[in-house]
Amino acid sequence: MLTSKRLVNCLFSQGLVNNFRFSSTSNKKGAAVNKITEDSDFAFRKSTVETLPFADQDVKFYPTYASSVKVLSEGVNDYEKLRIPDFRKIYNELTLDTLVDKENDPHYILSGKITSIRKAGKGSIFIDVVQDYKRVQFIIHHKTMGLDKEEFIAAHNSFRPGDQIMGIGKVAMTKVGELSLKLVRPLKLVSPALHPLPPKFNDIGKINRNRVIDYLVNKESVEVMLLRFKVIQLIRNFLEMKGFIGVETPIICSGNSGANATPFETSSQHIDTEEGKMTLSLRVAPELWLKKLIIAGFDKVYEIGKVFRNEGIDSTHNAEFTTCEFYQTFIGLEELMEISEEMLKFILNSILQDPKLVKFHAKSQELSDLINANNGRFNRIEFLPELEKQTGHKLEYRNLNKAGLIEYWKMIGDYTTDVSTMSESELINNLSEKYVESQCINSDMPTFIYNIPEIVSPLSKSNSNGVSHRFEMYINGREYMNAYEEENNPFKQRYKFNKQLQNREDGDMESLVPDERFVEVMEWAMPPTGGWGLGIDRLVMKLSSKNRIENVLPFGKLSDVVKQ
């Protein structure tokens, strides 16, 4: 059996325990001296590793997991490899009184990143280690390892916060009830930190250029990402409980439709046309692909994924963003509203029940209380009646065209907006922003704006008056959801596409790009269908009380990504 002294000697002979010397300067002149010393110490550490041949670097400082387990477990027959959350789960109810009953439990090998080191004299160290967002304490004592104090110091003086380490020991508990692992072998370094972490990292510019350091230093940034991943998981769970199947549709395609947006264009080196390389684009929406699956017989489909729009970047818009879209056959606008309410309530309740997301409970509770106080429903605003209420003038159905809308602007006497060069869709959108959507600005209450003019809804089902069976859901004046009954008449859809094409030729570059192949597919009988979309980034912004989209994206906006 390998004794602890022999193990230390073995580690030294292999270069697995290094003796970096890091001084901790006590100087009344302030933290600047400490920082200089810390930076120079880490610089020395990096140069020591860097000057070695790659093979020696791997053996001494970046060993494989299997080889590290072998070194730690030599001579120990009863050991188990666990992740820290699993270790904590096993001993969740352990107390000082019941600790004695665990003497025959196996040794455990735990791994993770050092977050703090506390020395108690020359022969005892307490180290906090984190893995999978859970912490455990390592108790390291020279007598437990059979080492004298000099050997103990030599074996453990090099470790620093940020190091990735492994340890083997027995379950233990401190007098104050801190669950711990009491090591029986020297701590094992498996990847050294080569830079000191700043005590604070609050500069927005620096954060946007280096999200890795942001996550290492700022717990709140990590919590927002955990919320993001949880929201996506909850949406997926909700839809699959409803019988939807998750699908993946093409991201790169020829042509681009499904949304009024400018695509990113590229080409393939391996697809030629008579004119040269085929022009391809990143999708601006998965809508038409998902509706093709509906026509193909998949009655309930959804997709959570990225869409790409070559447009402006600001506090609420990014060139790539994450959406969820679902489509279901034989469902109407009222049912789409109901499923929207049900989904948001499911998300809020699930967050409130998750102890890992306690930071976001207040906002979720606030939204939940608002909805519950309204009998579990969202507010509803019908577009044209609300427009009449706010302007004092009725917009007649016959005037839902460019000439009629320009006349309506003149009739309401709004001379602050120049409408002479606007397209039909721009005229409606500006009326909506100024007189309808504005009614949601000062309220956290989710609100449906529904029965929106067909002019801005070329893919939706509409009535004979030119009003679509569509809603948009707003909170504080910001759009989160968009849904409508889908146009399933191929002849009418072709007409709408041609009208969009004419608008583009007239200069309205936000008009939808026609897709004749989709219209041809519709001829195979598209059933009555409801479609629904959600901006996931914006929902996470709301639930985390963040005002800027980069705060909820793992590496920020595109303008931040290119700097990293």
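What you see as residue numbers is a count from 1 along each chain, following the sequence as written. Under the rules for a predicted model, residues below a pLDDT of 70 receive no local features and side-chain atom pairs below 80 are neither given nor counted, while totals for whole chains, interfaces and linings still include all residues. Excluding hydrogens and water, the side-chain values take into account all heavy atoms of the structure.

## Concerning the overall build of the protein
Point 1. A run of H or I in DSSP becomes a helix once it reaches four residues, and a run of E becomes a strand once it reaches two; helices and strands are each numbered from the N terminus. Across its full length, the protein carries 19 helices and 18 strands.
Point 2. Atoms considered for the radius of gyration are the C-alpha atoms alone. The globule rule reads 2.2 Å times the number of residues to the power 0.38. Relative to the globule expectation of 24 Å for 564 residues, the C-alpha radius of gyration of the protein, 31 Å, shows a markedly less compact shape.
Point 3. Dimensions of the protein, computed from C-alpha atoms along their principal axes, come out at roughly 95 × 60 × 55 Å.
Point 4. Here, two residues are considered to be in contact whenever any of their heavy atoms come within 4.5 Å of each other. By sequence separation, contacts in the protein at least 24 residues apart represent 69% of the contacts at least 6 residues apart.

## What to know about the domain arrangement of the protein
Point 1. In terms of domains, the protein is made up of domain 1 (42-191) and domain 2 (221-378 + 445-562).
Point 2. Each domain's limits were defined by an automated method or a database of domain assignments. Just the C-alpha atoms count here: the centres of domain 1 and domain 2 sit 48 Å apart.

## Brief notes about the sheet that holds strand 16 (residues 470-475)
Point 1. Pairing between two strands is assigned when DSSP locates at least 2 bridges connecting them. Strand order in the open sheet formed by 8 strands is 8-12-13-18-17-16-15-14, and the pairing between neighbours is mixed. Each end of this open sheet is capped by a strand with a single partner; those strands are strand 8 (245-246) and strand 14 (379-382).
Point 2. Pairing of strand 17 (residues 478-485) with strand 18 (residues 529-535) involves 5 bridges; the strand directions are antiparallel. In the sheet register, Met-481 faces strand 18, and the bridge partner there is Leu-534.
Point 3. Running at roughly 140 degrees to strand 17, helix 11 (residues 333-352) makes contact with strand 13 (320-329), strand 14, strand 15 (447-450), strand 16, strand 17 and strand 18 of the sheet.
Point 4. The angle between two axes is taken between their N-to-C directions and runs from 0 to 180 degrees, where each axis is a line fitted to C-alpha atoms and a helix contributes only its stretch in contact. Packed on one face of the sheet, helix 13 (residues 383-391) meets strand 14 and strand 15 and runs near 80 degrees to strand 14.

## Notes on the environment of Leu-226
Point 1. Its place among the elements puts Leu-226 in helix 9 (residues 219-241).
Point 2. A relative accessible area of 22% places Leu-226 in the partly exposed class.
Point 3. As for Leu-226 and Tyr-133, which are separated by 93 residues in sequence, their C-alpha atoms are 10.0 Å apart.
Point 4. Once residues within four sequence positions are removed from consideration, Leu-226 is found in contact with Tyr-133 and Leu-357. Accessible area is worked out with a 1.4 Å probe on protein chains only. A residue is then buried under 20% of its type maximum, exposed over 50%, and partly exposed in between.

## Focus on helix 6 (residues 149-156)
Point 1. Of the residues making up helix 6, those classed as buried are Phe-152, Ala-154, Ala-155 and His-156.
Point 2. Under the rule applied, a polar contact is a pair of N or O atoms within 3.5 Å (in protein, one hydrogen donor and one hydrogen acceptor; residues adjacent in sequence only if both atoms are side-chain atoms). With a side-chain oxygen lying 3.2 Å from the backbone nitrogen of Glu-150, the N-terminal cap of helix 6 falls on Asp-148.

## Describing the sheet that holds strand 9 (residues 252-253)
Point 1. Strand order in this open sheet of 3 strands is 9-11-10, and the pairing throughout is antiparallel. Taken across any chain shown, the strands that pair with only one partner, and hence form the sheet edges, are strand 9 and strand 10 (265-273).
Point 2. Looking at chain direction, strand 9 and strand 11 (residues 276-282) are connected through 2 bridges and run antiparallel. For Ile-252, the partnering residue across the bridge sits in strand 11 and is Leu-282.

## Considering unusual backbone geometry
Point 1. Positive phi outside glycine occurs at Asn-375, with the angle close to 60 degrees.
Point 2. Mapped onto the secondary structure, Asn-375 falls in the loop between helix 12 (361-373) and strand 14.
Point 3. Judged by relative accessible area, which is 72%, Asn-375 ranks as exposed.
Point 4. With phi around 60 degrees, Ser-545 is a residue other than glycine that occupies positive phi space.
Point 5. Its place among the elements puts Ser-545 in the loop between helix 18 (536-544) and helix 19 (558-561).

## Let's talk about the pairing of strand 2 (residues 107-119)
Point 1. Direction of pairing for strand 1 (residues 79-81) relative to strand 2: parallel, over a ladder of 3 bridges. For Glu-80, the partnering residue across the bridge sits in strand 2 and is Tyr-108.
Point 2. Place the viewer so that the strands point away; then a crossover is right-handed whenever the path from the first strand over the helix to the second strand goes clockwise. Crossover connection from strand 1 via helix 5 (residues 84-90) to parallel strand 2: handedness right-handed.
Point 3. As paired strands, strand 2 and strand 5 (residues 164-173) are joined by 6 bridges and run antiparallel to one another. Following the sheet pairing, Lys-113 is matched in strand 5 by Gln-164.
Point 4. Between strand 2 and strand 3 (residues 124-131), which pair antiparallel and follow one another directly, the connecting turn spans 4 residues, one of which, Gly-121, has a positive phi of 80 degrees.

## Side note on the nonpolar core
Point 1. The set of buried Ala, Val, Leu, Ile, Met, Phe, Trp, Tyr and Cys residues whose side-chain atoms join them within 4.5 Å is what this entry labels a nonpolar core. Ile-235, Leu-239, Phe-471, Trp-532 and Leu-543 are the most contacted members of the largest nonpolar core, which has 46 residues in total.
Point 2. If we skip the residues at most four places from it in the chain, Leu-239 touches Phe-244, Tyr-302, Cys-324, Phe-326 and Met-343.
Point 3. Ranked by size, the runner-up nonpolar core spans 29 residues in total, among them Val-49, Ile-125, Met-173 and Leu-181.

## Some points on the confidence of the model for the protein
Point 1. Averaged over all residues, the pLDDT of the protein is 91; the fraction at 70 or higher stands at 91%.
Point 2. Known as pLDDT, the predictor's per-residue confidence is scaled from 0 to 100. Counting contacts from residues 7-28, a segment whose pLDDT is below 50, to residues more than four positions away or on other chains yields 47 contacts.

## Observations regarding the pairing of strand 11
Point 1. By the bridge criterion, 5 bridges tie strand 10 to strand 11 in an arrangement that is antiparallel. Across the sheet, Asp-272 pairs through a bridge with Lys-277, a residue of strand 11.
Point 2. What sits between the antiparallel neighbours strand 10 and strand 11 is a turn of 2 residues.

## Some points on the pattern of salt bridges
A side chain of one charge can pair with a side chain of the opposite charge if their charged atoms are brought near each other.
Point 1. Take a side-chain nitrogen of Lys or Arg and a carboxyl oxygen of Asp or Glu: if they are within 4 Å of each other, that pair is a salt bridge. On inspection of all chains with the given rule, the structure shows 31 salt bridges.
Point 2. Linking Asp-354 and Lys-230 is a salt bridge whose minimum nitrogen-to-oxygen distance equals 3.6 Å. With Asp-354 in the loop between helix 11 and helix 12 and Lys-230 in helix 9, the pair connects residues that are 124 residues apart, well separated along the chain.
Point 3. On the basis of relative accessibility, which here comes to 7%, the residue Asp-354 falls in the buried class.
Point 4. The salt bridge partner of Arg-377 is Glu-334, with a shortest N-O separation of 3.3 Å. Separated by 43 residues along the polypeptide, Arg-377 in the loop between helix 12 and strand 14 and Glu-334 in helix 11 bring together distant segments of the chain.

## Things to note about the side chain of Asp-560
Point 1. Inspection of the secondary structure assignment puts Asp-560 in helix 19.
Point 2. Charge counting treats Lys and Arg as positive and Asp and Glu as negative, with His and both chain ends excluded. Lacking a salt bridge, the buried Asp-560 has Lys-557 as its closest oppositely charged neighbour, with an N-O distance of 4.0 Å.
Point 3. When residues no more than four places from it in sequence are discounted, the contact partners of Asp-560 are Asn-208, Glu-550 and Phe-555.

## Details of the packing of helix 11 against helix 12
Point 1. It is at 9 Å that the axes of helix 11 and helix 12 come closest, and there the two elements cross at 140 degrees. When the axes of helix 11 and helix 12 are compared, the pair comes out oblique. Classified by chirality, the crossing of helix 12 by helix 11 is left-handed. Two secondary-structure elements touch here, helix 11 through Leu-344, Lys-345, Leu-348, Asn-349, Ile-351 and Leu-352 and helix 12 through His-361, Ser-364, Gln-365, Leu-367, Ser-368 and Ile-371. Note that the term roughly parallel is reserved for angles under 35 degrees, roughly antiparallel for angles over 145, roughly perpendicular for angles of 65 to 115, and oblique for everything else. Should the near helix be turned counterclockwise from the far one by less than a right angle, the crossing is left-handed, whereas a clockwise turn marks it as right-handed.

## Details of the packing of helix 9 against helix 11
The packing of two helices is summarised by the inter-axis angle and the distance between the axes.
Point 1. At a closest axis distance of 10 Å, the pairing of helix 9 and helix 11 adopts a crossing angle of 130 degrees. Here helix 11 runs oblique to helix 9, going by the angle between their axes. Every pair of crossing elements has a handedness; the one defined by helix 9 and helix 11 is right-handed. In this structure, helix 9 uses Leu-227, Val-231, Leu-234, Ile-235, Phe-238, Leu-239 and Met-241 to contact helix 11, whose residues at the interface are Ile-339, Glu-342, Met-343, Phe-346, Ile-347, Ser-350 and Ile-351.

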